[in-house]
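Chain by chain, the residues:
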Amino acid sequence: DLHSFPTRRSSDLEIVVTYITAGGYQPDMYIPSNAAWGMMLDASGCKTEMIADRIAGNTAGILIKKDVYDTFKEKYGDVNVGNVLAAANAGDITFAYTNPYTSSTGLNVLCAMLASFDANDPLSDTATNALMEYQKKSPPVAYTTAVLRNQAAKGIINAMVMERQAYSNTPELKNYIYTPVGIRHDHPVYTFEWTTDQEKAAANMFVEFCKNPDMQKLATDKGFNQDDDYAAQDTGMSGADYIAAQKVWKKNKNGGKPIVAVFVADVSGSMDGEPINSLKQSLISSSSYISSDHHVGLVSYSDGVSVNLPIAQFDSTQRAYFSGEVKNLTAGGGTATYDAVLTGMQMLEDYKEQVPDAKLMLFVLTDGDQNVGYSLERITDVVGGLKIPVYSIAYNYNNVDDLEKLSGINEAAQIKANSDDVVNQLRNLFNVNL
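Below you will find a few notes about this structure.

The rules behind these values
- Residues numbered from 1 in each chain as written.
- Predicted model: local features only at pLDDT ≥ 70, side-chain atom pairs only at ≥ 80, totals over all residues.
- Heavy atoms only, no water.
- Axes fitted to C-alpha atoms, helices over the stretch in contact; angles between N-to-C directions.
- Helix = DSSP H or I, 4+ residues; strand = E, 2+ residues; numbered from the N terminus.
- Parallel < 35°, antiparallel > 145°, perpendicular 65-115°, else oblique.
- Contact = heavy atoms within 4.5 Å.
- Nonpolar A, V, L, I, M, F, W, Y, C, P; charged D, E, K, R; others polar.
- Phe/Tyr/Trp six-rings, centres within 6.5 Å; stacked < 30°, edge-to-face > 60°.
- Buried < 20%, exposed > 50% of the residue type's maximum accessible area, 1.4 Å probe, protein only.
- Salt bridge = Lys/Arg side-chain N within 4 Å of Asp/Glu carboxyl O.
- Pairing = 2+ DSSP bridges.
- Polar contact = N/O pair within 3.5 Å; in protein donor to acceptor, adjacent residues only side chain to side chain.

Looking at the packing of helix H5 (residues 104-117) against helix H11 (residues 239-252)
In helix packing, the relevant descriptors are the interaxial angle and the interaxial distance, both defined with respect to the helix axes. Relative to each other, H5 and H11 sit at 85 degrees, their axes nearing to 10 Å. Comparing the axis directions of H5 and H11 gives the class roughly perpendicular. Of the residues in H11, those in contact with Leu 107, Leu 110, Cys 111 and Leu 114 of H5 are Tyr 242, Ala 245, Gln 246, Val 248 and Trp 249. Class assignment for the residues of the contact of H5 with H11 results in eight nonpolar, one polar and no charged.

Some details on the packing of aromatic side chains
One pass over the structure, following the stated rule, counts ten aromatic pairs. When the centroid spacing of 4.9 Å and the interplanar angle of 15 degrees are considered together, the rings of Phe 263 and Phe 363 count as stacked. Highlighted residues: Phe 263 in strand E9 (residues 259-266) and Phe 363 in strand E12 (residues 359-366), separated in sequence by 100 residues. The burial state of Phe 263 is the same as that of Phe 363; both residues are buried. Ring plane angle 80 degrees and centroid distance 5.7 Å describe the contact between Phe 314 and Phe 322, whose orientation is recorded as edge-to-face. The burial state of Phe 314 is the same as that of Phe 322; both residues are buried. Within the aromatic cluster, the residues linked to one another by ring pairs are Phe 263, Phe 314, Phe 322, Phe 363 and Tyr 391.

Re the pattern of salt bridges
Applying the stated rule across the entire model yields nine salt bridges. Put simply, Asp 78 and Lys 73 hold a salt bridge, and the shortest N to O gap is 4.0 Å. Taking the shortest distance from any N to any O, the salt bridge between Arg 184 and Asp 186 comes out at 2.8 Å. Side by side, Arg 184 and Asp 186 carry an identical accessibility label, which is buried. Bridged by salt links that share partners, the residues Arg 54, Arg 184, Asp 186 and Asp 228 form one connected network.

A short note on unusual backbone geometry
We note that Asp 227 has phi near 55 degrees; this positive angle belongs to a residue other than glycine. Locating Asp 227 in the fold gives a position in the loop between helix H10 (213-221) and H11. Residues other than glycine seldom take positive phi values, yet Lys 387 does so here, at roughly 60 degrees. If you trace the backbone, Lys 387 turns up in the loop between helix H15 (376-386) and strand E13 (390-395). Using a relative accessible area of 63% as the deciding quantity, one classes Lys 387 as exposed.

Here's the deal with the sheet that holds strand E7 (residues 176-184)
Taken together, four strands build an open sheet; the order of strands is E5-E6-E4-E7 and the sheet is mixed. Each edge of the open sheet is held by one strand with a lone partner, namely strand E5 (95-96) and E7. Bridging between strand E4 (residues 59-65) and E7 involves seven bridges; their strand directions are antiparallel. By the bridge assignment, Ile 64 is partnered in E7 with Ile 177.

A few points about the environment of Val 109
The residue Val 109 is located in helix H5 in this model. Look at Val 109 and you get buried, because its relative accessible area is 0%. Along the primary structure Val 109 and Asp 42 are separated by 67 residues, whereas in three dimensions their C-alpha atoms are 21 Å apart.

Quick look at the packing of helix H9 (residues 197-211) against H10
Their axes nearest at 5 Å, the elements H9 and H10 cross at an angle of 65 degrees. Judged by residue contacts, Phe 209, Cys 210 and Lys 211 of H9 engage Pro 213, Met 215 and Gln 216 from H10. In terms of residue class, the contact of H9 with H10 is built from four nonpolar, one polar and one charged.

Overview of the side chain of Asn 158
As for its placement among the helices and strands, Asn 158 is situated in the loop between helix H7 (145-153) and strand E6 (159-163). In terms of polar contacts, Asn 158 uses its side chain to reach the backbone amide nitrogen of Thr 94, at 2.8 Å. Excluding residues within four positions of it along the chain, Asn 158 makes contact with Leu 63, Ile 64, Lys 65, Val 68, Ile 93, Thr 94 and Tyr 176.

Below is the structure:
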């Protein structure tokens, strides 16, 4: 009876570390994509034991579109993080990467970026200031690699990050050339100080099973075990350094620009009971991750739309108002989702005049399809024209086609979340946006 926490979904990564370090879940075995996460657990006080450094070989890397690759090579030489950043700063490529809180590749490349700015001390003022300057003109950091794929398909970017295995299984990216960078992603296996001897024996049996020739062939067939001759470009960072790098990124990711965000909460009849209670708890808990440097408002909707809290800087007063308004939400009526989206966007557009250099964001939390007011088709051109990303979180329902289309208009993420992990999903969205 072995309880493991293997991680293949990138959005699980920070959630796993949070659950384990907070004592919310204690697996007997943990298999992240790379060793950074194990080191971060150790640095957070969860003693680990690596029982295998590899069960499926993989690398993280940079993809560059073929039609700019040769020009890049001629001007900058080898494809490495430093040269890619130089090309991006010069406007010769448009490079995007993923959230280092939710993506092993994003964390890997972030640390390689910091090391390229200052090889002797990736966390120095020199490195962090250079990161801030880069973030001022870079594309928004993507929540997932799926967002990067969509950006590439639309021609928004021509260079991005991805794991080799994912690249091998994404035929629509065949016009991109892959180059590995950073540390390897060989799926190390960890047990913990609380793992019993019997459970460790079972974990070792699992590792041996994964390493047998048949399973390795299966892994290879699925796109793993490539780039075996690639040697890791290790920055020498410790687990504490990786944690610090995430914090550096969070502080500097917007290039010093404030965020203006509106939260749009579904309070239709289907939200009555546990859903509305979950929404309240998740919004209040997640709001603690929003810095006072940013600006926040709240909208709710059922048959109609209510502006519960006009946008204002998220200082202690606005935070208290936000908490109070969320606690007062009650459910009943229909679902005018897209009317509420338009209201939120109008609030953002109006407020932008006060903070002209701000980044605008809209968050929609809902448990069902629109059945009142405007349809998605009626507002698609407006959303696209305003270029405001709409991040949506679906509570306890799977028919999210329209939400995926809404979030996809301006390359935002659509998240399916049950009531147990909404706080973590929102927290991760806040890390990438707020």
